Amino acid sequence: MYSIWSETKTKNGFNSDEIISSVQKSIRRNMVEEACQHAYELYISGPIFLDKLWRRLLTISVEDIGFGNLNASVIINSLNEMRKNFPYDDGDQPIYFIHAIRVLCSSEKDRSSDYLKNIIIKEATMGKLPEIMDVALDKHTKKGQEMGRGSLHFFEEATKVIPQLKVDNNYRERYGEILKIYDKEKYADNLFPFNNTQY
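Position labels on residues start from 1 in each chain and follow its written sequence. Thresholds applied to this predicted model are a pLDDT of at least 70 for local features of residues and 80 or more for the giving and counting of side-chain atom pairs; totals over whole chains, interfaces and linings are not thresholded and use all residues. Only hydrogens and water are set aside; all other atoms, that is, all heavy atoms of the structure, feed into the side-chain values.

A few points about the packing of helix H3 (residues 47-65) against helix H5 (residues 93-106)
Part 1 of the argument: Helix axes are fitted only over the stretch in contact, all axes being lines through C-alpha atoms; the angle between N-to-C directions runs from 0 to 180 degrees. Here a helix means four or more residues in a row that DSSP labels H or I, a strand means two or more in a row labelled E, and each is numbered from the N terminus. At a closest axis distance of 11 Å, the pairing of H3 and H5 adopts a crossing angle of 15 degrees. Taken as axis vectors, H3 and H5 run roughly parallel relative to one another. Handedness of the H3/H5 crossing: left-handed. Only Gln-93, Tyr-96, Phe-97, Ala-100, Ile-101 and Leu-104 of H5 make contact with H3, whose side of the interface consists of Leu-50, Leu-53, Trp-54, Leu-57, Ile-60, Ser-61 and Ile-65.
Part 2 of the argument: Nonpolar residues are Ala, Val, Leu, Ile, Met, Phe, Trp, Tyr, Cys and Pro. Charged residues are Asp, Glu, Lys and Arg, and all others, Gly as well, are polar. Per-class residue counts for the contact of H3 with H5 are 11 nonpolar, 2 polar and no charged. Roughly parallel means an angle under 35 degrees; roughly antiparallel, over 145; roughly perpendicular, 65 to 115; everything else is oblique. Crossing handedness follows the turn of the near helix against the far one: under a right angle anticlockwise gives a left-handed crossing, and clockwise gives a right-handed one. Every residue pair with non-hydrogen atoms within 4.5 Å of one another is taken to be in contact.

Observations concerning the pattern of salt bridges
Any two side chains of opposite charge can pair, on the condition that their charged atoms come close.
Part 1 of the argument: For this document, the term salt bridge refers to a Lys or Arg side-chain nitrogen within 4 Å of an Asp or Glu carboxyl oxygen. Inspection of the entire model under this criterion finds 12 salt bridges.
Part 2 of the argument: Here Lys-128 makes a salt bridge to Glu-123, at a shortest N to O gap of 3.4 Å.
Part 3 of the argument: Given a relative accessible area of 54%, Lys-128 falls into the exposed group.
Part 4 of the argument: Residues Glu-157 and Lys-160 are paired through a salt bridge, measuring 3.6 Å at the closest nitrogen-oxygen approach.
Part 5 of the argument: Shared partners join several salt bridges into a network, and the residues in it are Arg-28, Arg-56, Glu-63, Asp-64, Arg-111, Asp-114 and Lys-117. Partly exposed describes any residue whose relative accessible area lies between the buried limit of under 20% and the exposed limit of over 50%, with all areas from a 1.4 Å probe on protein chains only and scaled to the type maximum.

Considerations on the state of the cysteines
Every disulfide links exactly two cysteines, by a covalent bond between their sulfur atoms.
Part 1 of the argument: Two cysteine sulfur atoms form a disulfide, by the criterion used here, when they sit within 2.5 Å. Counted according to the given criterion, the structure contains 0 disulfides.
Part 2 of the argument: Considering cysteine sulfurs only, Cys-36 is the nearest to Cys-105, which forms no disulfide, with 6.8 Å between them.
Part 3 of the argument: Judged by its relative accessible area of 2%, Cys-105 falls in the buried class.

Considerations on helix H2 (residues 32-43)
Spacing of three or four residues puts side chains on the same side of an α-helix, whose turn is 3.6 residues.
Part 1 of the argument: How far a helix is expected to stretch is found by multiplying one less than its residue total by 1.5 Å. Between the first and last C-alpha of H2 there are 16 Å, a value that for 12 residues agrees with the 16 Å anticipated at 1.5 Å per step.
Part 2 of the argument: Three or more residues of H2 are buried, namely Ala-35, Cys-36, Ala-39, Glu-41, Leu-42 and Tyr-43.
Part 3 of the argument: In this fold, the buried residues of H2 make contact with helix H1 (16-28), H3 and H5.

In structure tokens:
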């Protein structure tokens, strides 16, 4: 099964899917000018091709750059939004994808998220199912409530984060002390009626 891009041609007669692939492979190998040349071929082929280029650049920022540059996806998304302020044929239009490509090429690369995505998809396809963790059965679940798990259990178990950032405050300790004396029934009249239904 081939994508629609395998059935279309660029302005200069290239197979679109091959030009699109060439953009990504050039970025993966830090081949800046080659990536820009392929991107420009897409650009001059029409607005639909330009939109496809930007969708690919957005994906590359996560798929190929990943943890190599955690700001890359934010930068590429910002550049994509910026270029939308210019008409397709504006002379400034190409500077945005050229700059995006330079950012992506110069970034360290990490494909771990893509590998993990494929592991999860393939394992699920082969029948692997998720398991409900005991710690997930807290005051926010029906079963957790039936087990009598309240705010203290949530505080001691369900709120654990790894790795924990080193902080210079004592909020966790102070909250722990409040939980030792807090009685929901005692302060029922002062409770704000939060909607705890999760949608």
